[in-house]
Amino acid sequence: MMQPCNFDAGEVFSGRKSGNVVRGWSEANEYTPPFDSSYVPQPWATDIIVWLCSLHEGIYIYGPAGCGKTSCLKHFASRLNYPVFEVTAHARLEFPELVGHHTVRDGNMTFEYGPLALAMEHGGIFLINELDLLDPSTAAGLNSILDGSPLVIPENGGEIIHPHEMFRFAATANSNGAGDESGLYQGVMRQNMALMDRFMFVEAGYLAPEREKALILAKCPGVKDKLAEQMVRFATDMRSMFTGNDAEQDVTIELTCSTRALIRWGTLIGLYAPLRATGVNVVAHALDRALLFRATPATRTALKELAQRIFGGK
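All values reported here derive from a predicted model rather than from experimental measurement.

1. Observations concerning the overall build of the protein chain
Step number 1: A tally of helices and strands in the protein chain yields 13 helices and eleven strands.
Step number 2: With respect to the principal axes defined by its C-alpha atoms, the protein chain has extents near 65 × 45 × 45 Å.
Step number 3: Out of the 314 residues belonging to the protein chain, those deemed buried represent 47%.
Step number 4: Put simply, of all contacts in the protein chain between residues at least 6 apart along the chain, 69% involve residues at least 24 apart.
Step number 5: Computed over 27 positive and 35 negative side-chain charges, the separation of the two mean positions in the protein chain equals 11 Å.

Put into structure tokens, the structure is as follows:
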């Protein structure tokens with residue numbers, strides 16, 4: 001049976017004993033994320049480690065799409081056998097969807113608990129992704145939970161769930177809750193200051209080029225050293241075009257290259273490798289299917305030109 005237990009933080013996170021204690025669970029369960037031995041932690045992952053070791057307030061991780069906000073948190077949760085109860089926010093999400101609702105099962109009406117109630121009851125991490133897409137009036141219902149108050153469920157006869165000692169609250173988003181002035185992320189809403197004041201904030205970013213290259217080589221057996229380096233250069237330049245920070249490009253595009261898309265591209269290069277025998281440009285073929293088919297015609301043209309400069313006729 002799962003029991004809360006103490007781990008040596010240094011041994012868990014870096015492989016070297018430190019004498020610092022971090023709380024976790026004695027074993028994993030069905031809600032614990034699977035452990036990925038090839039995962040490469042980000043520099044800002046230190047903030048998540050500090051939060052896990054020392055703080056019991058909520059954590060709010062924000063940064064560009066696909067930079068690894070959720071995967072980083074889940075990686076450390078897996079190291080501690082922490083169950084993660086996850087939900088993705090949207091403008092129409094209502095508070096009862098987080099708490100639970102009545103449903104018919106085997107001909108009987110029963111109450112099905114939502115991710116927030118389950119995390120509070122069983123001592124897991126409640127993870128709400130894209131929090132800045134949530135209607136601020138709905139998000140306000142989380143204030144008391146972040147303060148450590150019990151959860152009251154009127155729909156289930158006024159049931160009261162007191163937060164388990166191991167309960168943690170985490171959120172991810174593309175913005176810092178103050179809205180998106182860049183216009184890059186549709187649907188983002190400015191969140192209530194009272195809610196934002198209840199979080200520790202972490203600014204996330206993409207992996208450094210050399211670490212992103214190492215990740216590609218670890219995840220994509222069909223990609224060799226030079227090609228991985230070129231792929232990372234393409235992704236870096238594409239991100240600069242997305243944010244408008246590329247001085248060499250007189251164009252701003254509506255699409256960026258996440259680490260997730262980069263790994264998908266590398267995986268497809270390996271899968272389409274047999275097509276080289278028929279004269280297919282496998283790198284370009286895989287890039288279209290991993291990313292560029294989502295782009296507008298103008299963006300696709302700009303990115304094809306970028307790929308030609310970096311990869312040549314491969």
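2. Concerning the pattern of salt bridges
Two side chains carrying opposite charge are able to pair once their charged atoms lie near each other.
Step number 1: Per the counting criterion, the structure on display carries ten salt bridges.
Step number 2: Of the charged contacts, one joins Lys219 and Asp36 as a salt bridge, the two residues approaching to 2.5 Å between their closest N and O atoms. Of this pair, Lys219 sits in helix H9 (residues 209-219) while Asp36 is found in the loop between strand S2 (21-25) and helix H2 (45-54), placing the two residues 183 residues apart along the sequence.
Step number 3: Between Lys213 and Asp225 there is a salt bridge, and its shortest N-O distance comes to 3.0 Å. Residue Lys213 is located in helix H9, and its partner Asp225 is located in helix H10 (residues 225-243); the two are separated by twelve residues in the primary sequence.
Step number 4: Residue classification places Lys213 among the buried residues on the basis of a relative accessible area of 17%.
Step number 5: By relative accessible area, which is 43% here, Asp225 ends up partly exposed.
Step number 6: It is possible to trace a salt-bridge network through shared partners that takes in Lys213, Asp225 and Glu229.

Each value, and the rule that gives it
Residues numbered from 1 in each chain as written. Predicted model: local features only at pLDDT ≥ 70, side-chain atom pairs only at ≥ 80, totals over all residues. Heavy atoms only, no water. Helix = DSSP H or I, 4+ residues; strand = E, 2+ residues; numbered from the N terminus. Buried < 20%, exposed > 50% of the residue type's maximum accessible area, 1.4 Å probe, protein only. Contact = heavy atoms within 4.5 Å. Lys, Arg positive; Asp, Glu negative; His and termini not counted. Charge placed at Lys NZ, Arg CZ, Asp CG, Glu CD. Salt bridge = Lys/Arg side-chain N within 4 Å of Asp/Glu carboxyl O.

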